[in-house]
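Residues per chain are reported as follows:
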Amino acid sequence: MILVTGGAGFIGANFVIDWLAATGEPVVNLDKLTYSGNLGNLAPVRDDRRHTFVRGDIGDRAAVASLLAAHRPRAVVNFAAETHVDRSIHGPDAFVKTNVAGTFELLEAIRAYWTALPQAERAAFRFLQVSTDEVYGTLAPDDPPFSETTPYAPNSPYSASKAAADHFVRACHHTYGLPTLTTNCSNNYGPRQFPEKLVPLMIANALAGKALPVYGDGQQVRDWLYVSDHCAAIRAVLERGRPGETYNVGGEAEMKNLDVVHTLCSVLARERPGPDYAALVTFVKDRPGHDRRYAIDARKIGRELGWRPTETFASGLAKTVRWYLDNTAWLAAIQTREYQSWISLQYAPAA
Ligand code: NAD
Ligand code: TYD
């Protein structure tokens, strides 16, 4: 079996669901259930005996150690993190606690477990760190995309905390020989994403007839990957990646934010005709330190592991919009008091 951390969040839950469908191998899922973790994300596997959910913190070394001893996983995939750049600007402490110290504690528990394994299991064991392209910093319009050798230059508290975690993962491989793998992926979108991130926030606001808040001039560029394609990339790296290596993962879909929002408005107009969604677009104060452009060179994972995205931005976005339209109860359950206070804190002054 494998241990997944953060598997009640957006990508982790999609990964658990896809993993059971694709491999059938049992999964233990350790998640703290912070504001972005949600057992509702795991509804499709609620009655699946191959899935065991455990509420807990990756920073609790003793709890992780007993989980490892009890289940003896052959691999650990670490999704658990604080993940929202804007929240990291308002309050970086939680990012240092979970992403830096938490990942370190997790690694220490795993290192002790791995060291005591019989030789064959030691050799076969894998730790996969799910990281982000944001650790590479920002690109000018004509710069080549990020490759695995681009130096780390994080600009936000979020990306700095992810970069620190990645460095501990790297050190754990080089110093102790732990068989680690790291993936650096671009912006994901798809079902079950918490509606603080660009795509689901815009869908939620549009459906409620609220303003669609575009930061600054909306000309910032991101690369977009449909979440199931990311999950497939992680499975490929876990099975065939070389220990100690990092793999960039991207969607071959560089887009300006304003174009993303307008494309979304056209998909919504098709799927839920009626209001003039594009009229809701509102320019608001820019994010401090806003990275201008991210882009991914994903040739290594293509060449070595044969992975490529299967969805285009148009096909992935259509699936995503349909999922949100079909799951309004999921969305309503998330729009709690905590969510409303975040929205007021972040958007009230400007929007
Ligand atoms: P998310 O915020 O939706 O989910 C994070 C999950 O981690 C939640 O279920 C939360 O409860 C859990 N968690 C938080 N702190 C924890 C702790 N201390 N112990 C145990 N569980 C904890 O985030 P996501 O978008 O699913 O991102 C998952 C991972 O993928 C993160 O590591 C993120 O950095 C990385 N990533 C995300 C994107 C993206 O576009 N969303 C892109 C590249 C990489
Ligand atoms: P986000 O989903 O927060 O991902 P990240 O910052 O990790 O790339 O934001 C994606 C882009 O969209 C980013 O350039 C910031 C921008 N953005 C807005 O313009 N308005 C918003 O309300 C949000 C949440 C993001």
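Relevant structure appears above.
Residues numbered from 1 in each chain as written. Chains lettered and ligands numbered in written order. Predicted model: local features only at pLDDT ≥ 70, side-chain atom pairs only at ≥ 80, totals over all residues. Heavy atoms only, no water.

### Some points on the packing of aromatic side chains
Tallied over the entire structure, the rule returns 18 aromatic pairs. Between Y136 and Y152 the ring centres are 5.5 Å apart and the planes differ by 90°, which places this aromatic pair in the edge-to-face class. Pair noted here: Y136 is in the loop between β5 (126-132) and α6 (157-176) and Y152 is in the loop between β5 and α6, with a separation of 16 residues, a long-range link. Judged by centre distance (5.1 Å) and plane angle (80°), the ring pair of W323 and Y324 falls under edge-to-face. By the burial criterion, W323 is buried, and Y324 matches it. An aromatic cluster is defined as three or more aromatic residues linked by ring pairs; in this entry it consists of Y136, F146, Y152 and Y294. The ring of W114 is capped by R122, whose NZ or CZ atom sits 4.2 Å from the centre of that ring. Stacked on the ring of Y247, the Lys or Arg K300 has its end atom at 4.7 Å from the ring centre. (Phe/Tyr/Trp six-rings, centres within 6.5 Å; stacked < 30°, edge-to-face > 60°. Helix = DSSP H or I, 4+ residues; strand = E, 2+ residues; numbered from the N terminus. Buried < 20%, exposed > 50% of the residue type's maximum accessible area, 1.4 Å probe, protein only. Lys NZ or Arg CZ within 6 Å of the ring centre and 35° of its normal.)

### Considerations on the site of ligand 1
Taken together, the neighbourhood of ligand 1 is formed by 28 residues, with I11, D31, T83, Y158 and K162 sitting nearest. The backbone of L33 places a nitrogen or oxygen atom 3.4 Å from an oxygen atom of ligand 1. Here F79 contributes a backbone N or O atom positioned 3.1 Å from an oxygen atom of ligand 1. Within the complex, 97% of the 830 Å² of free accessible area of ligand 1 lies under protein. Of all the secondary-structure elements, those providing two or more residues to the shell around ligand 1 are α1 (10-23), β5, α6 and β7 (187-189). Considering each element in turn, the shell around ligand 1 owes the most residues, 3 residues, to β5. Its residues placed into classes, the shell around ligand 1 shows 11 nonpolar, 13 polar and 4 charged. (Near = heavy atom within 4 Å. Polar contact = N/O pair within 3.5 Å; in protein donor to acceptor, adjacent residues only side chain to side chain. Areas by Shrake-Rupley, 256 points an atom, 1.4 Å probe, with all protein chains shown as cover. Nonpolar A, V, L, I, M, F, W, Y, C, P; charged D, E, K, R; others polar.)

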